[in-house]
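The residues making up each chain are set out below.
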Amino acid sequence: MNILRVLLAAFALTSISSPGATEVEKIVATCDGCHGDNGISLWSDMPTIAGIDAFVHSEALYIYQDEARPCADSAFRTGDTSRAPTNMCDIAAQLQDDQIELLAAHYSELPFVAARQKFDVALAAAGKAIHEQRCGVCHTSGGSDPRDESSILAGQWIGYLRATIEQYRAGERDQPEKMQKALDALSGDDIEALLNYYASQQ
């Protein structure tokens, strides 16, 4: 049995006098094993989750419980890296509703740290104009405001964003109708420009 499953099952069945505190610590240790210390990723394929709005984060976990997003296996990057790879669907399936809400609240209170990554200056400039015209209504402040409840795009890893957009366009990731229409109106070049714009915000 996966060590994560054993861990989560153990504390899920344990009665504690202060609900939430111990549970969050244990779950966070597992989350940080893939997403980085304090939810700050150092890897282009793995998103930073620190600073993400609690509603957005909890909704994502519920969607993973329903297996409505692709769930590729990922190796642990910190801590005990000898642990077997896991994926978001398996992790979310082990969480109770109250644990999801506590976990989302925990990460929402941590500061988002923009990824230090390479980007094309010319593409970033073009992407800024596209963002302001096509994306800025929902993703305000250049995609940096977590209060939009549309997650943080500015400073997120370009590799993760590229893969996510590809999943949206392929119909592999659930999305609002207005998001689908917005993406359908963008060319491949438009998307690459947008990605470089978000990467430029460091």
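Here is a short report on the structure shown in this document. From a predicted model like this one, the values you see are computed outputs, not experimental measurements. (Residues numbered from 1 in each chain as written. Predicted model: local features only at pLDDT ≥ 70, side-chain atom pairs only at ≥ 80, totals over all residues. Heavy atoms only, no water.)

1. Considering the overall build of the chain
Phase 1 of the analysis: What the chain contains, in helices and strands, is nine helices and zero strands.
Phase 2 of the analysis: The secondary structure elements of the chain, listed N-terminal to C-terminal, are α-α-α-α-α-α-α-α-α.
Phase 3 of the analysis: Relative to its full complement of 202 residues, the chain shows a buried share of 42%.
Phase 4 of the analysis: The contacts of the chain with a sequence gap of at least 6 include a subset with a gap of at least 24, amounting to 69%.
Phase 5 of the analysis: Accessible surface computed for the chain: about 10500 Å², of which carbon and sulfur atoms make up 53%. (Helix = DSSP H or I, 4+ residues; strand = E, 2+ residues; numbered from the N terminus. Buried < 20%, exposed > 50% of the residue type's maximum accessible area, 1.4 Å probe, protein only. Contact = heavy atoms within 4.5 Å. Areas by Shrake-Rupley, 256 points an atom, 1.4 Å probe, with all protein chains shown as cover.)

2. A few points about the packing of aromatic side chains
Where two aromatic rings form a pair, the distance of their centres and the angle of their planes describe that pair.
Phase 1 of the analysis: Counted under the stated rule, the structure contains one aromatic pair.
Phase 2 of the analysis: Where Tyr197 meets Tyr198, the ring centres are 5.5 Å apart and the plane angle is 45°; that geometry is what we call tilted.
Phase 3 of the analysis: The exposure class assigned to Tyr197 is buried, which follows from its relative accessible area of 9%.
Phase 4 of the analysis: On the accessibility criterion, Tyr198 (6% relative accessible area) is buried. (Phe/Tyr/Trp six-rings, centres within 6.5 Å; stacked < 30°, edge-to-face > 60°.)

3. Regarding the packing of helix H7 (residues 158–169) against helix H9 (residues 188–200)
Phase 1 of the analysis: Contact geometry of H7 with H9 gives a least axis separation of 10 Å together with a crossing angle of 145°. Remark: the crossing between H7 and H9 carries right-handed chirality. Of the residues in H9, those touching H7 at Ile158, Leu161, Arg162, Ile165 and Arg169 are Gly188, Ile191, Glu192, Leu195, Asn196, Tyr198 and Ala199. (Axes fitted to C-alpha atoms, helices over the stretch in contact; angles between N-to-C directions. Left-handed = near helix turned anticlockwise from the far one by under 90°.)

4. Re unusual backbone geometry
Phase 1 of the analysis: A positive phi is found at Glu67, a non-glycine position, where the angle reads about 55°.
Phase 2 of the analysis: Structurally, Glu67 can be placed in the loop between helix H3 (54–65) and helix H4 (88–93).
Phase 3 of the analysis: Accessibility expressed as a relative area gives 60% for Glu67, which makes it exposed.
Phase 4 of the analysis: Of note, Ser151 is a non-glycine position whose phi angle comes to about 65°, a positive value.
Phase 5 of the analysis: Residue placement: Ser151 occurs in the loop between helix H6 (121–135) and H7.

5. Digging into the environment of Asn38
Phase 1 of the analysis: Here Asn38 lies in the loop between helix H2 (21–35) and H3.
Phase 2 of the analysis: The partly exposed category is assigned to Asn38, whose relative accessible area is 47%.
Phase 3 of the analysis: Considering only alpha carbons, one finds Asn38 and Gly51, 13 residues apart in sequence, at a separation of 9.9 Å.
Phase 4 of the analysis: Not counting the four nearest positions on each side in its chain, Asn38 is found in contact with Asp32, Ala50, Tyr107 and Leu110.

6. Details of the nonpolar core
Phase 1 of the analysis: Counting residues in each nonpolar core, the largest one holds 19 residues, and the members touching the most others are Leu161, Leu186, Leu194, Leu195 and Tyr198.
Phase 2 of the analysis: Per element, the largest residue contribution to this core is seven residues, and it comes from H9.
Phase 3 of the analysis: Among residues more than four places away in sequence, those in contact with Tyr198 are His131, Cys135, Gly142, Leu153, Ala154, Gly155 and Leu161.
Phase 4 of the analysis: The next biggest cluster of nonpolar side chains, apart from the first, holds 10 residues, and it includes Val24, Ile27, Val28 and Leu95. (Core = buried A, V, L, I, M, F, W, Y, C linked by side-chain atoms within 4.5 Å.)

7. Observations regarding the state of the cysteines
Phase 1 of the analysis: For the structure on display, the rule yields one disulfide.
Phase 2 of the analysis: Counting only cysteine sulfurs, Cys31 is the nearest neighbor of Cys34, a cysteine outside any disulfide, at a range of 8.5 Å.
Phase 3 of the analysis: In this structure Cys138 is a free cysteine whose sulfur lies 8.8 Å from that of Cys135, the closest cysteine sulfur available.
Phase 4 of the analysis: Looking at Cys138, the relative accessible area reads 32%, which means it is partly exposed. (Disulfide = S-S within 2.5 Å.)

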